[in-house]
Amino acid sequence: MEAEQRTAGQASTSSSTAAGPSAKPIVVLVIGMAGSGKTTLIQRVNSHMHQQKLNGYIINLDPAVSHLPYGANIDIRDTVNYKNVMKQYGLGPNGGILTACNLFATRFDQVIQLVEKPRDPPLQYVFADTPGQIEIFTWSASGQLVTDLFASSMPTVVMYVIDTPRCTAPQTFMSNMLQAVSILYKTKLPMLLAFNKVDVSRHEFALEWMADFEAYSAALEADASYAATLSRSLSLVLEEFYDGMRCVGLSALTGEGMDELFKALGECAQEYQQFYVPELQAKQQRKEALEQKRREKEIAKLRADMAGKASLQEGGDAAGAAAAGVAGAAGSAAAGMQQQEQLQQGLQEDEDEEESVDLNLSDDSIGSDTYEQEQ
């Protein structure tokens, strides 16, 4: 027993060392269908971390859970009461859960600050328990926001929990695989398939179906329905998805597979550093380039507007000067006309004087002739 504990401790220590002693904690988003055993599994994970002295942090994002079998460091129920949300907005259960998650997401930057707070010893793992209604987290704005905030600041892994006993039916198994692949392409994060409840039903059959199409097709042989035919076709389509997928068998009841789980989480964190971080950096560079282009466009537009205003102002000054010139010319012309009128008036007066002189002379001559005649 002591040897097993030492081996488990060494495995957990090696997985934590792979992430780096001073590295940021590995964030695990625990997602799964209702009844898959997510909450009970996190209880077992919490117990394992305490047993192996791993520094972990647990966040509950399910506002509708009535009882938590573990102590959550951050609980959404301490911030939002989803029943009051239902009454206030007149919503049903799913609408209340969705609205409560959206309200909590508006303060999620504070959660990130708490997680990134320096500690001694530093955090190694952060587990986030999501609502049982899987679509509320995976296909909502709040779920996208939470995922992006975590993934942009810390190594983030999606752990998809599968109810193994229910997946013994081939079509139910395919439904789970389709749900998993949709989450993978939605988040673009490393994914780990956790087959829970292996104490009830072993998960080797699922691994065989994922590795061998013929084995899965044989399981569907007795079913000739359209759904079975579709499942066969989808199995061929998902071969590439199966090849790059990590799988572990777990038991939340007995604790089986905990060491393999933490080892797989360390590998997923390395995959995050290898593939997601470069993509994230490239996305940020593209965003910065678009922002730079937008700024340059705005600056060019501003310069064009300023140049247009300056040209209008110059045109206005030129028009004013032209108007002043026209006014001056008009004034000069008016003065010239006035002078011409004055000159004409003076000439007219001179002519009048000349006429009056001529008359006087004629009068004098007439008078003189008369005087001479009288003489």
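Just above sits the structure.
One numbering rule holds for all chains: residues counted from 1, following each sequence as written. Local features in this predicted model are restricted to residues of pLDDT 70 or higher, and side-chain atom pairs are both shown and tallied only at a pLDDT of 80 or more, whereas totals for entire chains, interfaces and linings draw on every residue. Hydrogen atoms and water are omitted, and side-chain values are computed over all heavy atoms in the structure.

Digging into the pattern of salt bridges
Opposite charge on two side chains permits pairing when their charged atoms draw close. For clarity, the threshold we go by: Salt bridges are defined by distance alone: a side-chain nitrogen of Lys or Arg within 4 Å of a carboxyl oxygen of Asp or Glu. Think of it in three bands: with a 1.4 Å probe and only protein chains considered, a residue is buried below 20% of the maximum accessible area for its type, exposed above 50%, and partly exposed in between. Strands here are runs of E lasting at least two residues and helices are runs of H or I lasting at least four, both read from the DSSP assignment and numbered beginning at the N terminus.
Across all of its chains, the model carries eight salt bridges by this definition. With a shortest N-O distance of 2.8 Å, Asp75 and Arg77 are connected by a salt bridge. According to the relative accessible area criterion, Asp75 is buried, its value standing at 8%. The salt bridge involving Arg246 is made with Glu267; its shortest N-O contact spans 3.3 Å. With Arg246 in strand E7 (residues 246-249) and Glu267 in helix H13 (residues 258-374), this residue pair connects regions lying 21 residues apart in the sequence. Within the structure, one salt-bridge network assembled from shared partners comprises Arg202, Glu204 and Glu256.

Considering the sheet that holds strand E4 (residues 125-129)
Stated precisely, the cut-off is as follows: Two strands qualify as a pair provided DSSP detects at least 2 bridges between them. Only heavy atoms matter for contacts: two residues are in contact if any of them lie within 4.5 Å across the pair. Working convention: axes come from line fits to C-alpha atoms, limited for helices to the stretch in contact. Angles between N-to-C directions cover 0 to 180 degrees.
Sheet architecture is open: seven strands sit in the order E3-E2-E4-E1-E5-E6-E7, paired in parallel fashion. Whereas interior strands pair on both sides, the edge strands pair on one side only; in this sheet they are strand E3 (74-75) and E7. The sheet contact formed by strand E2 (residues 56-60) and E4 spans five bridges and is parallel. Considered in E4, the bridge of Asn60 is made with Asp129. Contacts from helix H8 (residues 170-187) reach strand E1 (26-32), strand E5 (156-163) and strand E6 (191-196) within the one sheet, and its direction differs from that of E5 by about 170°.

Things to note about helix H4 (residues 93-105)
Quick note on the threshold: A helix is expected to span 1.5 Å for every residue after the first.
Along its 13 residues, H4 runs 18 Å from first to last C-alpha, staying within 8% of the 18 Å computed at 1.5 Å per residue. Within the sequence span of H4, burial applies to Gly96, Ile97, Ala100, Cys101, Phe104 and Ala105. On its buried side, H4 packs onto E3, helix H3 (82-89), helix H5 (108-116), helix H6 (134-138) and helix H7 (141-151).

Quick look at the environment of Ala227
Along the chain, Ala227 turns up in helix H11 (residues 226-237). For Ala227 and Gln171, which are 56 residues apart along the polypeptide, the C-alpha to C-alpha distance reads 7.6 Å.

Focus on the packing of H8 against H11
Where we set the bar: Angle categories: roughly parallel below 35 degrees, roughly antiparallel above 145, roughly perpendicular from 65 to 115, and oblique for all the rest. In a left-handed crossing the near helix is turned counterclockwise from the far helix by less than a right angle, and in a right-handed crossing that turn is clockwise.
Put simply, H8 and H11 touch, their axes get as near as 10 Å, and they point 45° apart. Looking at the two axes, H8 sits oblique to H11. Classified by chirality, the crossing of H11 by H8 is left-handed. Facing Gln171, Met174 and Leu178 of H8, the residues of H11 in contact are Ala227, Ala228, Ser231, Leu234 and Ser235.

Notes on the environment of Glu214
Here Glu214 is to be found in helix H10 (residues 213-219). Separated by 22 residues in sequence, Glu214 and Leu236 place their C-alpha atoms 10.0 Å apart.

Notes on H8
Between its first and last C-alpha atoms H8 spans 26 Å; for 18 residues at 1.5 Å apiece the expected length is 26 Å, and the two agree. When H8 is considered as a whole, its buried residues turn out to be Pro170, Phe173, Met174, Asn176, Met177, Gln179, Ala180, Val181, Ile183, Leu184 and Thr187. Lys188 lies just past H8 and shows a positive phi near 60°.

Some details on the pairing of E1
On a regular strand, one side chain projects to one face of the sheet and the next to the other, so that they alternate. Most of E1 is tucked away, with seven of its seven residues classed as buried. Burial along E1 is two-sided: the residues Ile26, Val28, Val30 and Gly32 and Val27, Leu29 and Ile31 are all buried. Relative to E5, E1 runs parallel, the two sharing six bridges. Pairing of Val28 across the sheet is with Val157, part of E5.

Topic: a nonpolar patch on the surface
Applicable threshold: Note on patches: the residues involved have over 30% relative accessible area and no salt bridge, like charges join within 9 Å, and the nonpolar side chains Val, Leu, Ile, Met, Phe, Trp and Tyr join within 5 Å. Each accessible area is a Shrake-Rupley estimate made with a 1.4 Å probe; only the visible protein chains count as cover when residues are assessed.
A cluster of nonpolar side chains, contributed by Tyr89, Leu91 and Leu103, occupies part of the molecular surface with about 250 Å² of accessible area. Take Tyr89: it is sitting in helix H3.

Describing the packing of aromatic side chains
Applicable threshold: Working definition: rings of Phe, Tyr and Trp (its six-membered ring) pair if their centres are within 6.5 Å, and the pair is stacked with planes under 30 degrees apart, edge-to-face with planes over 60 apart, and tilted otherwise.
Counting across every chain of the model gives eleven aromatic pairs. Taken together, a centroid distance of 5.1 Å and an interplanar angle of 80° make the contact between Phe205 and Trp209 edge-to-face. Residue Phe205 and its partner Trp209 are both found in helix H9 (residues 204-211); the two are separated by four residues, about one turn of the helix. Given the relative accessible area of 18%, Phe205 is considered buried.

Side note on the pairing of E4
Judged by how many residues are buried, E4 sits mostly within the fold: five of five residues are covered. Sheet topology places E1 next to E4; five bridges connect them, and they run parallel. Bridge pairing in E4 links Val28 to Phe127.

Regarding unusual backbone geometry
Both trends apply: most residues other than glycine have a negative phi, and most peptide bonds are in trans. Residue Pro121 follows Asp120 across a cis peptide bond; omega there is 0°. Despite not being glycine, Lys53 shows a phi value in the positive range, around 55°. Its location among the elements puts Lys53 in the loop between helix H2 (38-51) and E2. Owing to a relative accessible area of 73%, Lys53 belongs among the exposed residues under this scheme. Of note, Lys197 is a non-glycine position whose phi angle comes to about 65°, a positive value. In this structure, Lys197 sits in the loop between E6 and H9.

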